[in-house]
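Okay, here's what each chain looks like letter by letter:
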Amino acid sequence: EHYYSMGWLRAIGTSNFHEVHLQHLMDDGARVRPHVNQIETSVYIRHDGIVRYCRENGIAVSAFSPFGRGIMGMEEDGMLMSIASKHGATPGQVALAYLLHQGFAVTFYSGKLERMRGNIEACDIDLDESDVDKLEGLQ
């Protein structure tokens, strides 16, 4: 908070904080509410309670591991493949599009230029209500 108040930092963030952690932080005398809370989130992993808490308290949510750390089998998921095919996209692009549609800031890493471009193209996918309903059923 000291460096934030001096203008050396533009934001303060937390990682993997749940509602109780954020509330304890404020109850223990924090003067600046965190601006962002980064939590693992994907089409398979959602934390509705903490997301709701953050949104109600003006804390942005950043989703890390949007591809499920590569262990969730997106390429074998029939529902995800069907939606991807409908949009001429990859399952990963659909997963990113879903998280963006839900209002998350999304963090991901790739050292491959082709994947970076593909990830950016996910911003152009317009999921309809039916797509979103199906993706919400994957949890």
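Structure: see above.
Okay, so let's go over this structure. (Residues numbered from 1 in each chain as written. Predicted model: local features only at pLDDT ≥ 70, side-chain atom pairs only at ≥ 80, totals over all residues. Heavy atoms only, no water.)

### With respect to a nonpolar patch on the surface
On the surface, Y3, M6, W8 and L9 cluster together into a nonpolar patch covering about 450 Å² of accessible area. For M6, the position within the fold is in the loop between helix 1 (2-5) and strand 1 (13-15). (Patch = residues over 30% accessible without salt bridge, like charges linked within 9 Å, V, L, I, M, F, W, Y side chains within 5 Å. Areas by Shrake-Rupley, 256 points an atom, 1.4 Å probe, with all protein chains shown as cover. Salt bridge = Lys/Arg side-chain N within 4 Å of Asp/Glu carboxyl O. Helix = DSSP H or I, 4+ residues; strand = E, 2+ residues; numbered from the N terminus.)

### Structural notes on the layout of surface pockets
A volume near 160 Å³ is recorded for the second largest pocket. Forming the walls of the second largest pocket are R46, H47, D48, V51, R52, R55, Y98, Q102, F104 and E136. For the lining of the second largest pocket, the element with the most residues is helix 3 (residues 48-56), which contributes four residues. (1 Å grid on protein atoms, 1.4 Å probe; cavity = no way out; pocket = protein on both sides within 12 Å on 5 of 7 lines; lining within 4 Å. Points joined across faces, edges and corners; volume = space filled by probe spheres on them.)

### Examining unusual backbone geometry
Phi is positive for N16, which is not a glycine, with a value near 60°. Relative to the assigned elements, N16 resides in the loop between strand 1 and helix 2 (19-27).

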